[in-house]
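Okay, here's what each chain looks like letter by letter:
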Amino acid sequence: MAHNEAISPVEDAAVLGALFRQSPTGLLILDTELRILRSNFTSPFLHEAPPEQIIGRHFTDVYDLSAPGEVKAMVGGVLESGAPARGRLVGVRPKGAPGPEYLFSVSVSRLEDPQGRILGVLAEMLDVTEREKARVRLRVLGSVREHVGRTLDVVVTCEELVREVVPDWVRFLLSEVGESAVSGVVTVSLR
């Protein structure tokens with residue numbers, strides 16, 4: 001096929017089908033009203049409902065988001081301006097589902113037909129939950145290494161430890177304990 005030759009509708013459909021079956025990232029196509037037209041979530045915790053219960057619904061009716069107003073504004077801004085949004089961190093879980101929130105790096109691009117008519121948006125979602133947990137652990141441990149234990153006074157050292165650990169670690173611990181409590185096993189370890 002020549003470089004400037006258009007692919008046929010059949011080839012186009014085959015490419016789209018392969019993309020949705022084989023992509024390692026979650027893909028979500030939304031129409032101009034931000035209703036789900038197609039999804040491929042490879043993460044089972046985000047795809048508990050069968051497709052027929054998801055397709056046609058507004059994405060905020062299907063997923064609980066950590067900051068729904070911000071996410072709607074981001075997706076709406078991409079739809080309106082055409083400027084893509086890349087790598088935004090968003091906390092997500094299925095609507096009303098118990099258990100932990102998962103963090104996704106979300107990129108959104110506007111979809112247009114060859115004539116420039118706006119069709120909707122494509123959201124690509126990569127699960128970065130474990131990466132972000134590791135980042136929090138490293139930040140806390142680095143802060144402890146830098147700011148704790150500068151004296152031999154046990155009380156001062158404990159106060160320094162609390163000051164450095166508590167603010168960042170609480171979110172991590174709540175996530176770990178919450179996840180464990182749902183599964184029936186509660187253990188807390190400072191890794």
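Scope of this entry: the structure provided in the associated data block. Predicted model, so just to flag it, every value in this text is computed and none were measured. Position numbers for residues start from 1 in each chain and track the written sequence from start to end. Where local features are concerned, this predicted model is filtered to residues with pLDDT of at least 70; where side-chain atom pairs are given and counted, the filter is 80 or more; whole-chain, interface and lining totals use all residues. Note: side-chain values were computed over all heavy atoms of the structure, leaving out hydrogens and water.

## Here's the deal with the overall build of the protein chain
Here is step 1 of the chain: Within the protein chain one finds 6 helices and 6 strands.
Here is step 2 of the chain: Helical segments are the DSSP runs of H or I of at least four residues, strand segments are the runs of E of at least two, and each set is numbered from the N terminus. Helices and strands appear in the protein chain in the N-to-C order α-β-β-α-α-β-α-β-β-β-α-α.
Here is step 3 of the chain: Here's how the labels work: a residue is buried when its accessible area is under 20% of the maximum for its type, exposed when over 50%, partly exposed in between, all with a 1.4 Å probe on protein chains only. Burial analysis of the protein chain (191 residues in total) assigns 36% to the buried set.
Here is step 4 of the chain: Sequence-distant contacts in the protein chain: of pairs separated by 6 or more residues, those separated by 24 or more amount to 44%.
Here is step 5 of the chain: Entry remark: accessible area of the protein chain is about 11800 Å², with carbon and sulfur atoms responsible for 58%. Whether two residues are in contact is decided by their heavy atoms: any pair within 4.5 Å suffices. Here the Shrake-Rupley method, with its probe set to 1.4 Å, supplies the accessible areas, and only the displayed protein chains count as covering residues.

## Section: the pairing of strand E5 (residues 102-112)
Here is step 1 of the chain: Inspection of the sheet shows strand E4 (residues 85-94) paired to E5 by 6 bridges, in the antiparallel sense. Bridging across to E5, Arg88 finds its partner in Val106.
Here is step 2 of the chain: Only strands joined by at least two bridges in the DSSP assignment are considered to pair. As paired elements, E5 and strand E6 (residues 118-127) share 9 bridges and run antiparallel to each other. Paired with Val108 across the strands is Ala123, a residue of E6.
Here is step 3 of the chain: Linking two consecutive strands that pair antiparallel, namely E5 and E6, is a turn of 5 residues; a positive phi of about 90 degrees is found at Gly116 within it.

## So, the side chain of Thr129
Here is step 1 of the chain: By secondary structure assignment, the location of Thr129 is in helix H5 (residues 129-147).
Here is step 2 of the chain: In this structure Thr129 touches Tyr102 and Leu103, once residues within four positions along its chain are discounted.

## Section: the sheet that holds strand E1 (residues 26-31)
Here is step 1 of the chain: The sheet built from 6 strands is open, its strands ordered E2-E1-E6-E5-E4-E3 with antiparallel pairing. The open sheet has two edge strands with one neighbour each: strand E2 (36-39) and strand E3 (63-65). Looking at each pair of strands side by side, their axes are set apart by 35 degrees on average, direction ignored.
Here is step 2 of the chain: Here the axes come from fitting lines to C-alpha atoms, over the contacting stretch only for helices, and the angles between their N-to-C directions go from 0 to 180 degrees. Here helix H4 (residues 68-81) sits on the sheet and contacts E1, E3, E4, E5 and E6; the angle it forms with E5, its principal contact strand, is near 25 degrees.

## Describing the nonpolar core
Here is step 1 of the chain: Of all hydrophobic cores here, the largest spans 23 residues; its most connected members are Leu30, Ile36, Phe59, Val75 and Val108.
Here is step 2 of the chain: If you list the elements that add at least two residues to this core, you get E1, helix H3 (59-62), E3, H4, E4, E5 and E6.
Here is step 3 of the chain: Counting residues per element, this core draws most heavily on H4, which supplies 5 residues.
Here is step 4 of the chain: Those residues in contact with Phe59 that lie beyond four places of it in its chain are Leu30, Leu34, Ile36, Leu65, Val71, Lys72 and Val75. In this description, a nonpolar core means a group of buried Ala, Val, Leu, Ile, Met, Phe, Trp, Tyr and Cys residues linked to one another through side-chain atoms lying within 4.5 Å.

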